[in-house]
Amino acid sequence: MNLFDGNDWPRVLLPLPVVLPLFAAGLTLALARRPRAQRTISVTALSIVVAATIAMLVLTDRGNGTYSIAVGGWPSRLGIPLVADRLSTLMLVVSSVVTLAVLLYSLAQGVADGEEGTPVSIYHPTYLVLSAGVSNAFLSGDLFNLYVGFEILLAASYILLTLGGTKARVRAGTTYVVVSLLSSMVFLTAIALVYMATGTVNMAELSVRLREVDPDVQLVLHLLLLVGFGIKAAVFPLSAWLPDSYPTAPAPVTAVFAGLLTKVGVYAIIRTETLLFPGGQAGDLLLWVALATMVVGILGAVAQNDVKRLLSFTLVSHIGYMVFGIALGTAAGLSGAVFYVAHHITVQTTLFLVTGLVERYAGSTSLDALGSLAKRTPVLAVLFFVPAMNLAGIPPFSGFLGKLGLLQAGVDVGTWPAYVLVAGGVVTSLLTLYAIAKVWNRAFWQEPQEHTDRDEVAGLATATQIGVRTPLGMLAPTAALVVVGVGITVIAGPLFGISDRAAQDLLDRSPYVDTVLQGGASGGATEVPR
Amino acid sequence: MNPVVIALCLGMLTVAALLALLRVAKGPTMLDRVIALDVIVAVVVIGLCVEAAANRHATTLPVIVVLALVGFVGSVSVARYASKESDEERGKR
Amino acid sequence: MLTLLLVHAVAAVFAVPLVRWLDRRAFTLLALAPAATTVWAAFQGPAVLRGETPEVVVPWVPSLGAELAFRLDPLSWVLTLLVGGVGALVLFYCGSYFHAKDPGSARFAAVLTAFTGAMTGLVLADDLVQLYVFWELTTVFSYLLIGYDAHKRSARRAATQALVVTTFGGLAMLVGLIVIGQRAGTYRFSEVLENFPTGPAVTVAVVLLLVGAISKSALVPFHFWLPAAMAAPTPVSAYLHAAAMVKAGIYLVARFAPVGAQLPEWQTTVLVLGLTTMVLGGYRSLRQHDVKLLLAFGTVSQLGFLTVLVGAGTAAATTAGIALLVAHATFKSALFLVVGIVDHQTGTRDLRELSGLGRRMPLLAVVGTVAAASMAGVPVAAGFVAKEAAYAAFLHDPVVLGVLVLGSVLTAAYSARFVWGTFWRKAGVPDTTATPPSAGFVAAPLVLAAVTLLAGPLAPLVDRPAALVAHDLPGEAEHLALWHGFSLPLLLTVVTFALAAVLVVAKERVEGLQARGPAVPGADRGYRRTVRAVDRIAVEVTGATQRGSLPIYLASILLVVVAVPGGALLWTRPWPSDVVLYDNVGQVLVGIVVVTAAVLTVRARRRLRAVMLAGVTGYGVTLLFVLHAGPDLALTQALAETITLVVFVLALRRLPPFFSSRPLVGTRWVRIAIGVAVGTCTSLFALVASGARVAVPVSIDLPDLAYSFGGGKNVVNVTLVDARAWDTMGEISVLLVAATGVASLVFRRRMGSIDQAFAAHTDPQQQDAPQRSRAQSWLPAGSTVDPERRSVVFEVVTRLTFHAILVLSVYLVFSGHNQPGGGFAGGLVAGLALVVRYLAGGRYEFNTAVPINAGWLLGSGLFLSAGTGLVGILIGQDVLQTAIIQFDVVLLGHVKLVTSLFFDVGVYLLVVGLVVDVIRSLGAEVDRQIEEEVSR
Amino acid sequence: MNAKVLSLRERVSLPMLVWLVVLWLLLWGDLSWANVLSGTLLALLVTIVLPLPTVSFGVRIRPVRIVLLLGRFLVDLFAASAQVAWLAVRPGRQPRNSVVRVPLHSGSDLFVTMTAELVSLVPGSVVVEIGAPSARGGQGSIYIHALGVDSAEGRERTRREVLLTERRLMRTFATPQAYAEYLDRCRADGSDALCGGNRP
Amino acid sequence: MDWGTVGTVVGSAALLLGCLLTLVAAIGLLRLSDVLARMHTTAKPQVLGVVLSLVAVAIALQRTTDVATLVAIAAFQLLTVPVAAHMVGRAAYRTGQVDASMLDHDDLAEKLAEEERSGG
Amino acid sequence: MSPNLTLVVISGVLVACGVSLLLERTLTRVIVGVVLLGNGINILFLVASGRPGRAPILSGGTTAETMSDPLPQAMVLTAIVITLGMVAFVLALAYRSWQIDGHDEVQDDVEDRRIVRRAELDETSASYDDDTHETSDEEGEGISR
Ligand code: NA
Ligand code: NA
């Protein structure tokens, strides 16, 4: 039968990004002893997912912008609706592409380093489950199922973070796991409270019912949800866990975490602010949170002496940009935020992958141990410089465009807090450049110097042989991601078009609500004339 | 069933549970605790019986079945790994 | 015009291979790119001079107003010529400047070419965003160019300094541009300028633009980066720091002058900073010994001069500005190139060491002198014409005029100092030995010198575009020409030279004076202080916020919970109208026990004690579930609680029985305080939330559909395996992952062994397991347990109950759809059966009991559950849609099969897999590790 | 050991199958062909997939005696419960106890187990150790912790009761020749006064 | 009085007795001196107490289905409780957690001592 | 819907106790804390499901109106199972960290402590190359090609 006749495609495509990876995960685990089979299965599965998500994005954007199905053909208010709108599909595309690239990278690394620290038979299923969890979070139209989605990706991330069970990873893993457990608890509490007040966890239904709830109670629920998501998105003061957790993991793991996981939190915040609690009661609060996140984060980066950690701090800092856009609450702001998310996922992942290559090459990521890489390995130098400048918001890269959009939105709003945020954003951008330049100076230009006080650096340096050739299998996906990052600049026009339309849909919630509430009962998707 | 009877039963069970709980807390040895835990499980089972008898429904029978199994496994697993404990260890809370 | 940029881009990309291939000769080839620009501009000349403005617009990001819009108006035309021409010459010059096989030269060539491209784009930009794009690009490229000698600390630092300072200005400018763009409703340069918005915001924006301009053009107080940037190779200085990049600021000022000059803020900023810079630069320049630095400070001075001229916003001043722009670009580049040659041939730039070069390289000396003369404003050279015009433009303003004269005096003086210092023979200094440069090497400066010399007599050529630029500016500009007759400007020129002569003659005394004179406050030191301060603040803030302690992180999160939602609650106090004390007395009684147990748990100092007390709360909660009519909950809770207890016992058996004693009792009270606060908040939240219930729960429609659509009587179970099967699928994948995680942590050897965790029944030691034989074995491997732990009673009972428990577990799965039970409960019960086997017979017994691979169980479980979803899709149903199949069978009667059962079976398998995995890891493998350590 | 893989014949044992099917029926609570069939299939499945070594139970069922046994057991249960309850709540000094060794004569794990079970079920006595009979060929013995037994005659009484329990069990379940062997052991042990009596 | 009332009365009695036994057990658990002594008391609620309350439930429900299940539960209890008691008691003895001062006489001690001598 | 005070209080206490255990350094305590928290939150869902009715099983004339709200029950079931998995994993983590350094106390982050120390000593960051006190390039010394 034709999977794509008329509006039947959502029935097929929407579940795919979740079901297929899980299916593959089961398969790969059952085949724990056949690494090659595992490799084939997971690569195939994720490739199909990439194709599916791209198709979804195109069909959604070309079509009526929002599609929904209810799992098991139940009425969506009783069952669990999966919703594809421009926002979620865009997120899905970016995340699936990044996930695939990182998988390829990690496979190459595994091959090169003889499965160093990445036990394959665990790695594949876990990684697949992670990607399923991320997709689920983006697709779910049900608050409790969103929680489940979070749990899926978190559980997987716990395992990936502690792979190999070395001292450092167990320590970092513990911090990460416990904080995440707490955040889940907060989220779960919020869900219970929401159900108390409304008697539903269906997000579309909620956006209708919450309006009738006593505004004071609304505020409490609203803020509690924001706290829960804020931890995941790592906004100040809920962000301190992140830089302690990510850097110790294997490079590809760090990369995919840095790129994706926090963004899922940001995504949830967007939904909270637009679908569940429109009207921005928390707008001003978020503005200041955004400022604090940007500034404290980037100051943290300036103070660091290790590339991975430094990047982790820039990660936190730049979450601030997205929150800034959300907090503005205008179409322009949201659009900028959405675009920035897409940009940041790609670039942050790329940078961590490159750092992984650097670590493989030089045996360390400490600025004291690194040096004159520009001379020793020009390829890595270029691969680092481009995304680094992109991150620092140097034009014409996507980072600049995202920032431009956000600043324009801020100036449009024109209130004094907005201008303060604009200033903060500019300062952050300058300090980011400064931090990046620091890395470039010390790691790529300056000669490496002897540092006796850095014992663990020495340990690292001896861990892997220095100056090893970077296998093409790792180089290619990284380069590909660099190109994608630059490519965003080229296709920025249409991309911003999508994010603009996404922002529009988010602000007038009717497309989402109507589609979901009318959908499902018959199974399949239902058109809502716009 | 007569509410007075139910009230009496519940009262006795509660006191029993609290006393057993005290033993779980005091120990001194792991085995004392596991014994006390067994009593608590028994209290739960009997409590379920009281509830079932009072409301004349069988929905909780599976729960009772399982709990009957549970007490056994719990205490055996602790007994299996019981280790020699010095007296001053027992002293501590 | 886009093509020009593409040419540069391509050239830049291919520069590296080209240099690898042709070595230095490649530069000549690359020079063609800017040369092409020049030629193209030259051909556009007539049109432009006719007042046409060729345009090209390529859309880019419409929603940001960002597009590639190029526009060639007179100002752009002039600058394009300069940028292209000088660029071409410098690139050509590089061919001789770099030593053969210089490893860095390839990178350098690429970046320099890219830079010329960026510069061209900058001066052609007709879109504010695009302007900023190329502006920043020039910054980045200059960073790379200045840092050419990356191994030198001074080079790295200068590069960073230039980067940070100019980016700072650039970002300020960006904000300015955005404000203007948003207010004007367009980012098209020409349109913005036509109807320029007004208002305080715009005023601020204009000032921000100036910040960008002066930082880029190294005006006070940002001037310091330019001299430091002299660490760059001389061609860079000649191009970036004389002709091109530093002119970007001037260009911006010139662009906005027509609108900006209306604002007093603009006027003051431009005049004050410009004049200060002009004087300060000249003053500094006079005391330099490094001739390159002398030129650098000279440049600073001239940039100040230029700013004043193009920023004044009068026709006359602007005309003069254009003239000086051209003049300066030509003579200063020439001079830098000359210094480059000198340096290249002699190896020094210190005028105290240089002597008698004039005789050794006469051609070079001539070139240098001519260029210097133009700089000094000696008649017939371009510099002269420009200065005359400048004087003329400010006749109405004696103060400015006076300062201009002073600046020009200094200029003339350091020009002289340059010529003297570089080429003259000095008393007591031995003649510098040096080989004369090749003709090709001198060619570039020669051309530039020629241009600067001829531009004087041919001034009218420059006059036309200048006039066009100044066209609709206030005031009258007299035409640029060599000779205006005897006029005040001419007189001033004479004065200028007279004073300059004095300075030159009395140079020793002047130097002495400067040495004793007040050291001008070092803006550079200010910059460093700032950077250091930023770093310190960063350390302080990070040290304060990033404590690295998990408890602190958790505490801060919890405090946020208390402060933010809790604060909001206490602020608004939407207490519920009424509450129920309890639904039945049971809740209260159980509550007492649970609460007591919970409190005791907190006080526990023994691991297992805490665990058991927590277990008590768990069983209490089981009862609460029953009292709330949730048999499925109670069932699962009881089982989960027990499995948890077993896992605790297994995992903790090796850990010390006591928690390590607490360091601080004080922090303990803090912990408890936070706990109480959070607990209270939670309760209050619950009160207000349920008080605010607005509608009947959606689940009111669930039961009927559960039977009609889901085909089951147990609504909860139907919800789990059908209506919300999506949740369940996710949740079992969580279990799967958790199981793999446990294995990966306990089987800490390499992958192979973790596979064993899943493969496990082929335990290598299985065969050589200890044998303590008995006549009759009740359990296959019972005989492997040491008698200490062995009990025949236990074995016999296990033997009798094992299969029974399994039957029970299966029963729970199948009855689950209509009664309490289901996949989870069933799986956990089966798990308990296996636990019993393990406890009774040890790890060998367990491995014989479970000949199946845990990974296989887990995997196939998820495979089955997710598979049912996929199948659903493929056969044209909704994902995880349930079918109810009913049929009659002889003897068996009516059979009703609900397909969601398969899903539940998947769940069952997976849960069993989890238990197997846990026992195999925390049970069997840990046993093995213990035995290993004992045997060691 | 798993080294030797059990054959299908070894895996399936009739009494076990019956017991499982009965349980299955008990659980479902209605006796239908469907249940019998599914129960049998399930029983076969679990016993074949997760096998346990077959053991010769060597028992014979005597319904009447079973009833008697149960009755006797209940009486003991109530009586002992009352005793222990009194010990537990009575004011004043703590009861003193003994660990008593009782030699058994059944010569089979199953009967030892049953004895131990019955003894343990009755409050006031817990089996703390079992000298397994077939361990050293010779006859086995169980060690009982008796609550509130603080005299030689008390201990004697305990032994007596345990031996009586064993005897009742043997009478109820033992096959004739197993019973005969049992009696021989008793005589050998010289405690046939307890075990005595003629064959069932 | 009819069978229904008889049932109710018997059932109530059974329940009360079961609960009482449990209470007594808990008291003993708290009062008695050492592990084994305490264990004796706990055998009761689990056996007699539970069985009694199961009887009560059976009387209350009176459906063969449920009665069957209850019988199964009782059987399971009778089978497993002694094992648990035995395992715990034995562990208590083996790990020297028995208060020797409360032992009037100990046959097992001699056996173990002899095992020691035979170097077991 | 009027909330059940008893349940609310119970869950509050459980959360309070869970939290104060969560804030401990010993991983085992943390896990126990998580267990308590989990139980507390599950009770919140009971509160959310309103007054108890009959078991949500369509037999013996039980109807949608007379039964307890089944939806929260389903959610709690999911939550219970997820918590179970997480506890198992974190216990393995505790075991592993005991294997590594003999206890299950959560250590502080080394890099962070370094920076904290620098902050206390008022030092600059390790990656900052300090040139504030050197002779400035203003006068051009130290410039060479
Ligand atoms: Na400090
Ligand atoms: Na300080």
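Residues numbered from 1 in each chain as written. Chains lettered and ligands numbered in written order. Predicted model: local features only at pLDDT ≥ 70, side-chain atom pairs only at ≥ 80, totals over all residues. Heavy atoms only, no water.

## Here's the deal with the overall build of chain B
Then, number 1: From N to C terminus, chain B includes four helices and zero strands.
Then, number 2: Reading the helices (α) and strands (β) of chain B from amino to carboxyl end gives α-α-α-α.
Then, number 3: Within chain B, buried positions represent 71% of all 93 residues.
Then, number 4: Restricting to contacts in chain B with at least 6 residues of sequence separation, those with at least 24 account for 50%.
Then, number 5: Split by element, the accessible area of chain B, about 2600 Å² in all, is 65% carbon and sulfur. (Helix = DSSP H or I, 4+ residues; strand = E, 2+ residues; numbered from the N terminus. Buried < 20%, exposed > 50% of the residue type's maximum accessible area, 1.4 Å probe, protein only. Contact = heavy atoms within 4.5 Å. Areas by Shrake-Rupley, 256 points an atom, 1.4 Å probe, with all protein chains shown as cover.)

## Let's talk about the overall build of chain F
Then, number 1: The helix and strand inventory of chain F stands at four helices and zero strands.
Then, number 2: Of the regular secondary structure in chain F, the N- to C-terminal order runs α-α-α-α.
Then, number 3: Looking at chain F as a whole, 70% of its 145 residues qualify as buried.
Then, number 4: A separation threshold of at least 6 residues defines the contact pool for chain F, and within that pool the share at least 24 residues apart is 49%.

## Let's talk about the interface of chain C and chain B
Then, number 1: Of the residues lining the interface, 45 residues belong to chain C; the matching set on chain B comes to 40 residues.
Then, number 2: Both sides of the chain C and chain B interface together cover about 4100 Å² of buried area, and 79% of this is carbon and sulfur.
Then, number 3: Its largest share of buried area at the contact with chain B, chain C owes to C:Arg606, C:Met612 and C:Leu839, together 16% of the area lost on that side.
Then, number 4: At the junction of chain C and chain B, the tally comes to zero salt bridges. (Buried area = accessible area lost by both parts, 1.4 Å probe. Salt bridge = Lys/Arg side-chain N within 4 Å of Asp/Glu carboxyl O.)

## Regarding the packing of aromatic side chains
The description of an aromatic ring pair uses the distance of the two centres, along with the angle that the planes make with each other.
Residue and element names in this part refer to chain A.
Then, number 1: Across all of its chains, the model carries 47 aromatic pairs over all chains by this definition.
Then, number 2: On the numbers, 5.7 Å between centres and 65° between planes, the contact of tyrosine 246 with phenylalanine 257 is edge-to-face. Residue tyrosine 246 is located in the loop between helix H10 (241-245) and helix H11 (251-276), and its partner phenylalanine 257 is located in helix H11; the two are separated by 11 residues in the primary sequence. Taken as a pair, tyrosine 246 and phenylalanine 257 share a single burial class, namely buried. (Phe/Tyr/Trp six-rings, centres within 6.5 Å; stacked < 30°, edge-to-face > 60°.)

## A few points about the coordination of the sodium ion (ligand 1)
Then, number 1: Here the sodium ion (ligand 1) is held by C:Glu540 (OE), C:Glu540 (OE), F:Ala119 (O) and F:Asp122 (OD), and the distances to it run 1.9 to 2.6 Å.
Then, number 2: The metal-metal distance between the sodium ion (ligand 1) and the sodium ion (ligand 2) comes to 2.0 Å, with F:Asp122 coordinating both.
Then, number 3: Classification of F:Ala119 as buried rests on a relative accessible area of 8%. (Donors = N, O, S within 2.8 Å, 3.2 Å for Na, K, Ca; no water.)

## Some details on helix H17 (residues 382-393) of chain C
Residue and element names in this part refer to chain C.
Then, number 1: Taking 1.5 Å per residue, 12 residues should reach 16 Å; H17 reaches 17 Å between its end C-alpha atoms and fits that length.
Then, number 2: Burial of H17 is extensive: 11 of the 12 residues sit out of reach of the surface.
Then, number 3: Within H17, the full set of buried residues consists of Ala382, Gly383, Phe384, Val385, Ala386, Lys387, Glu388, Ala389, Ala390, Tyr391 and Ala393. (Expected span 1.5 Å × (residues − 1).)

## Notes on the pattern of salt bridges
Then, number 1: Here the structure, examined in full by the defined rule, presents 53 salt bridges over all chains.
Then, number 2: Of the charged contacts in the structure, one is a salt bridge between F:Asp104 and C:Arg607, with a shortest N-O distance of 2.9 Å. Pair noted here: F:Asp104 is in the loop between helix H3 (70-101) and helix H4 (110-120) and C:Arg607 is in helix H26 (residues 607-627), and the two residues belong to different chains. No difference in accessibility class separates F:Asp104 from C:Arg607, as the two residues are buried.
Then, number 3: Between C:Glu933 and C:Arg654 there is a salt bridge, and its shortest N-O distance comes to 2.3 Å.

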